[in-house]
Amino acid sequence: MNAMTRLLPPNPQTRHYPVIVIGGGQAGLSASWHLKQRGIAHVVFEKQRIAHEWRNHRWDSFCLVTPNWQCTLPGFPYQGSDPYGFMLKDEIVQYIEAFVASFDPPVLEGVAVTRLSRTGSGYQVTTSIGEYTADEVIVASGAYQVPVKPACAERLPPAMLQMHAPAYRNPQALPEGAVLIVGTGQSGCQIAEDLHLAGRKVHLCVGGAPRAPRRYRGKDAVEWLNKMGYYDIGIDEHPNKDRVRSKSNHYLTGRDGGREIDLRKFAAEGMELYGRLDDIRGTTLHLKPDLEKNLDSADTTLESIKDSIDAYIAKTGIEAPTEPRYVPVWKPEAERNELDFVAAGISTVIWCIGYRSDYRWIDVPVFDGRGYPGHDRGITTVPGLYFIGLPWQYTWGSGRFSGVARDAQHIVERIASRLHSNAPRAMAGLNALALGS
């Protein structure tokens, strides 16, 4: 190992690093693991505490929707006793903490990065503990920074409790009364189920998110899709590559051993379903007449996934049990275009309509008109700047426990190549540090 790539311990006096990683979630930690494997000096700035999002922005009954065997952080695959189960929130935190303990990354917790800009051939990183510089920077802050709430939400009365999905904890923490949930991605559907199972009255505005099977023909659908190579498909090979990054995740759950989420079943049991929320005027919620269309679309996706599994089984000659196809247990009698939230006794609204990214702190010209960073597998067009942990950054697993290691390895290989080609400059920087200049 030469002097250029030797690992330097975190030092409060060090203000320059070959690499700075911004964000200490599973993406930033995976990058740190690969950097440390190569002996590349770096530091990880984490605004909160490691695993903060899992600790503080998940409800009490939260669990993974993918099986534990898909948890494959670099050098640290799941080694528990339940590979086909679904880790609960506290178990996820323990998994991340054990990963950190396995390689002792140079993380500085409680350090916020407020600005990233170019400086000469490198970067300046402004933090809550001062200014730093780096030759290379990996942005691992994710793409889900700001939860979305429609403008019409301001018309709800002050007495109405409003919260975003990350603030929800459990049914007992909410005031008495019915609950309105807006949005049916994974969070919206799972929170609706949590409240429904607790006996709370739920009103649910159903969007266009698709749903997926849990088990089919003897295996978890995730296991079938893995065998079919779906999780190895790169974004450049995906048939919907122009749209897949912005699509909602399929909804299902790992709760109680894993199952499908069937909103029609909930409706048959008393949950009230509506189309998308359009506006709020007075005490009336105005709703789009698209409930039946949205339910049918979700079911179509469910069945199309089963079709692809059937085709794979037939093609490979695998022996697998057959199963009857899904039959809807409930259909709306008519579209309801209005709902008086006072008459319905609604006391709480939970917004589950997604997030937007917020990269205003990055003063580097890498973003498109929608604020999305332009990149190829996380490598931007600006030399030395990288992103990791974005949805479908390269594969379905990018940013998840299942695929982030591959993305981290790809980026760190590029960094190692650049540092090697820029060895004289990097050596000069390290010599300056050694001299205390």
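Anything mentioned here points back to the structure above.
Every value quoted in this text rests on a predicted model; they were computed, and no experiment measured them. (Residues numbered from 1 in each chain as written. Predicted model: local features only at pLDDT ≥ 70, side-chain atom pairs only at ≥ 80, totals over all residues. Heavy atoms only, no water.)

Each helix and strand in the protein chain was counted, giving 9 helices and 22 strands. Relative to the globule expectation of 22 Å for 437 residues, the C-alpha radius of gyration of the protein chain, 24 Å, shows essentially globular dimensions. Oriented by its inertia axes, the alpha-carbon framework of the protein chain measures out at about 75 × 60 × 40 Å. When contacts within the protein chain are restricted to residue pairs at least 6 apart in sequence, long-range pairs at least 24 apart make up 71% of them. Of the roughly 19800 Å² of accessible surface on the protein chain, 50% is carried by carbon and sulfur atoms. Put simply, the protein chain has 48 plus and 48 minus side-chain charges, and the middle of one group is 4 Å from the middle of the other. (Helix = DSSP H or I, 4+ residues; strand = E, 2+ residues; numbered from the N terminus. Rg over C-alpha atoms; globule rule 2.2 N^0.38 Å. Contact = heavy atoms within 4.5 Å. Areas by Shrake-Rupley, 256 points an atom, 1.4 Å probe, with all protein chains shown as cover. Lys, Arg positive; Asp, Glu negative; His and termini not counted. Charge placed at Lys NZ, Arg CZ, Asp CG, Glu CD.)

Right, let's talk about the packing of aromatic side chains for a bit. This structure, assessed with the given rule, holds 15 aromatic pairs. Among the aromatic residues, those joined into a ring-pair cluster are W54, W59, F62, F76, Y95, F99, F103 and F401. The ring of Y326 carries the charged tip of R211 above its face, separated from the ring centre by 4.6 Å. Of note, R400 hangs over the ring of W396, and the distance from its end group to the ring centre comes to 4.0 Å. (Phe/Tyr/Trp six-rings, centres within 6.5 Å; stacked < 30°, edge-to-face > 60°. Lys NZ or Arg CZ within 6 Å of the ring centre and 35° of its normal.)

Attention now moves to the side chain of N68. For N68, the location among the structural elements is in the loop between α2 (52-56) and β3 (72-73). Take N68: its relative accessible area is 2%, and that puts it in the buried class. Polar side-chain contacts of N68 include one of 2.8 Å to the backbone nitrogen of M87. (Buried < 20%, exposed > 50% of the residue type's maximum accessible area, 1.4 Å probe, protein only. Polar contact = N/O pair within 3.5 Å; in protein donor to acceptor, adjacent residues only side chain to side chain.)

On to helix α1 (residues 26-37), then. For an α-helix the count is 3.6 residues per turn, leaving residues at separations of three or four pointing the same way. For α1, spanning 12 residues, the distance from its first C-alpha to its last is 16 Å, which sits close to the expected 16 Å at 1.5 Å a residue. The buried count for α1 comes to 10 of 12 residues, which makes it a mostly enclosed element. Among the residues making up α1, those that are buried are Q26, A27, G28, L29, S30, A31, S32, W33, H34 and L35. (Expected span 1.5 Å × (residues − 1).)

Attention now goes to the sheet that holds strand β11 (residues 178-182). The sheet built from 5 strands is open, its strands ordered β10-β19-β11-β12-β15 with parallel pairing. Edge positions in the open sheet fall to β10 (161-164) and β15 (272-274), since each of these has one partner strand only. Sheet twist, expressed as the mean angle between neighbouring strand axes with direction ignored, is 20 degrees. Inspection of the sheet shows β11 paired to strand β19 (residues 346-351) by 5 bridges, in the parallel sense. Counterpart to V182 in the pairing with β19 is W351. Across the face of the sheet, helix α4 (residues 186-197) comes into contact with β11, β12 (202-205) and β19 while running at roughly 165 degrees to β11. (Pairing = 2+ DSSP bridges. Axes fitted to C-alpha atoms, helices over the stretch in contact; angles between N-to-C directions.)

What follows deals with helix α8 (residues 404-421). For α8, built from 18 residues, the straight-helix expectation of 26 Å at 1.5 Å per residue is met to within 8% by its first-to-last C-alpha distance of 26 Å. Among the residues of α8, V404, A405, D407, A408, I411, V412, I415, A416, R418 and L419 are the ones counted as buried. Projected down its long axis, α8 carries its buried residues within an arc of 165 degrees, all on one side. Along α8, exposed side chains directed more than 90 degrees from the buried face belong to H420 and S421. (Arc of directions from axis to C-beta.)

Our focus in this paragraph is the nonpolar core. If you look at the biggest cluster of nonpolar residues, it comprises 66 residues, and the most contacted ones within it are I138, I181, L263 and I350. Counting 24 residues, the second-largest nonpolar core is a separate cluster that includes V139, V366, L385 and F387. (Core = buried A, V, L, I, M, F, W, Y, C linked by side-chain atoms within 4.5 Å.)

With respect to the helices, strands and loops of the structure, I415 is situated in helix α8. Note on I415: relative accessible area 0%, which makes it buried. Counting along the chain gives 128 residues from I415 to L287, while the straight-line C-alpha distance between them is 50 Å. Once residues lying within four places of it in the same chain are set aside, the contact partners of I415 are V19, L35, I40, E136, I138 and Y386.

The next subject is the pairing of strand β6 (residues 113-119). By the bridge criterion, 6 bridges tie β6 to strand β7 (residues 122-127) in an arrangement that is antiparallel. Residue pairing for β7: R115 is matched across the bridge by T126. Joining the antiparallel neighbours β6 and β7 is a turn of 2 residues, in which G120 adopts a positive phi near 65 degrees. For β6 and strand β21 (residues 362-363), the ladder comprises 2 bridges, and the chain directions are parallel.

With that settled, consider the environment of L195. Within the secondary structure, L195 is located in helix α4. A C-alpha to C-alpha distance of 33 Å links L195 and Y230, two positions 35 residues apart in sequence. With near-sequence residues (within four places) excluded, L195 lies in contact with Y168, P171, L174, V179, I181, R200, V202 and I350.

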